[in-house]
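Descriptive structure summary
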Amino acid sequence: MPWVLALLALSTGCGAPPGLATPDAQPSTTGSPTAAPTRTPAATPSTVPSVPPLRTPSATPDAGLVATPCRNGPTGQRIVQLLHGRAGVLPPSVRVQVRTGPLCAADWQYTVLEVTGHEELQVVTRGRPTAPELVTAGTDVCTIEVRATGPTGIRTLACDAGPVVGPGA
């Protein structure tokens, strides 16, 4: 049992490390003393910072991202006239009513027409509102030209929605 006494002597002979013997004891230092950092209370602002006013976003930089109702034309009637007239898509005797649009994205337009006695007709045009040019018309207007050169808003309507399914299908 001499080893127990040796262990006991070692553990009690060392004592507590400096600064832990008593709570108010100061640790001994060697070397140059360093000044304790002084804390100054944080400055309180004299005024409450103001929140900047909310700004209403202006027109999007790329008007072709989303198709929206055409503000400056063409009108639905102008699209119908194009299809009855020089485009020759519809005979003059067929009755047509605008169901959707025209919706514009950049200088392209998308319109859906109800054609009496036939399936709905999707129409994609482009160009000036007073003189739109026919790109394509039909029940599936997701053509190569629309996919390759049409603005995102028109491609979304013409290609992502899929072909129009007529009554009884």
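Just so it is clear, the structure is predicted and the values come from calculations on it, not from any experiment.

What follows deals with the sheet that holds strand β2 (residues 96–105). Pairing between the strands of a sheet comes from backbone hydrogen bonds, and it takes one of two forms, parallel or antiparallel. Within the open sheet, the five strands sit side by side as β1-β2-β3-β4-β5. Their pairing is antiparallel. This sheet does not close on itself; its edge strands, each paired only once, are β1 (68–69) and β5 (133–138). Two strands pair when backbone bridges link them, and β1 and β2 are joined in this way by two bridges, in the antiparallel orientation. When the bridges of β2 are listed, Pro69 appears paired with Leu103. Along the sheet, helix α2 (residues 76–84) contacts β2, β3 (108–115), β4 (121–126) and β5; its crossing angle with β2, the most-contacted strand, is approximately 110°. Lying on the sheet, helix α4 (residues 152–160) is in contact with β2, β3 and β4; it crosses β3 at an angle near 25°.

With that settled, consider the pairing of β4. Of all the six residues making up β4, five are buried; the element is thus mostly covered by neighbouring parts of the structure. When β3 meets β4, the two strands line up antiparallel, connected through six bridges. If you follow Trp108 over to β4, its bridge partner there is Arg126. From the end of β3 to the start of β4, which pair antiparallel, there are five residues, and Gly117 there has a positive phi angle of about 80°. By the bridge criterion, five bridges tie β4 to β5 in an arrangement that is antiparallel. Residue pairing for β5: Val123 is matched across the bridge by Ala137. A loop of six residues connects β4 with β5, the two strands running antiparallel in sequence, and Gly127 in this loop sits at a positive phi of about 110°.

As a further point, take the state of the cysteines. Scanning all chains against the criterion turns up two disulfides. Here Cys142 engages in a disulfide with Cys159; their sulfurs sit 2.0 Å apart. Between Cys142 and Cys159 the sulfur-sulfur dihedral comes to about 100°; the bridge is accordingly right-handed. Linking Cys142 in the loop between β5 and α3 (144–149) with Cys159 in helix α4, this pair joins segments that are 17 residues apart in sequence. Taken in N- to C-terminal order, the disulfide-linked cysteines of the chain are connected 1-2, 3-4.

This paragraph deals with the pattern of salt bridges. Throughout the structure, instances matching the rule amount to two salt bridges. A salt bridge links Arg99 to Glu120, with the nearest nitrogen and oxygen atoms 2.5 Å apart. With Arg99 in strand β2 and Glu120 in the loop between β3 and β4, the pair connects residues that are 21 residues apart, well separated along the chain. The partner of Glu145 in a salt bridge is Arg126, and the shortest N-O contact between them spans 3.7 Å. Residue Glu145 is found in helix α3, and its partner Arg126 is found in strand β4; the two are separated by 19 residues along the sequence.

How each quantity is defined
- Residues numbered from 1 in each chain as written.
- Predicted model: local features only at pLDDT ≥ 70, side-chain atom pairs only at ≥ 80, totals over all residues.
- Heavy atoms only, no water.
- Pairing = 2+ DSSP bridges.
- Helix = DSSP H or I, 4+ residues; strand = E, 2+ residues; numbered from the N terminus.
- Contact = heavy atoms within 4.5 Å.
- Axes fitted to C-alpha atoms, helices over the stretch in contact; angles between N-to-C directions.
- Buried < 20%, exposed > 50% of the residue type's maximum accessible area, 1.4 Å probe, protein only.
- Disulfide = S-S within 2.5 Å.
- Salt bridge = Lys/Arg side-chain N within 4 Å of Asp/Glu carboxyl O.

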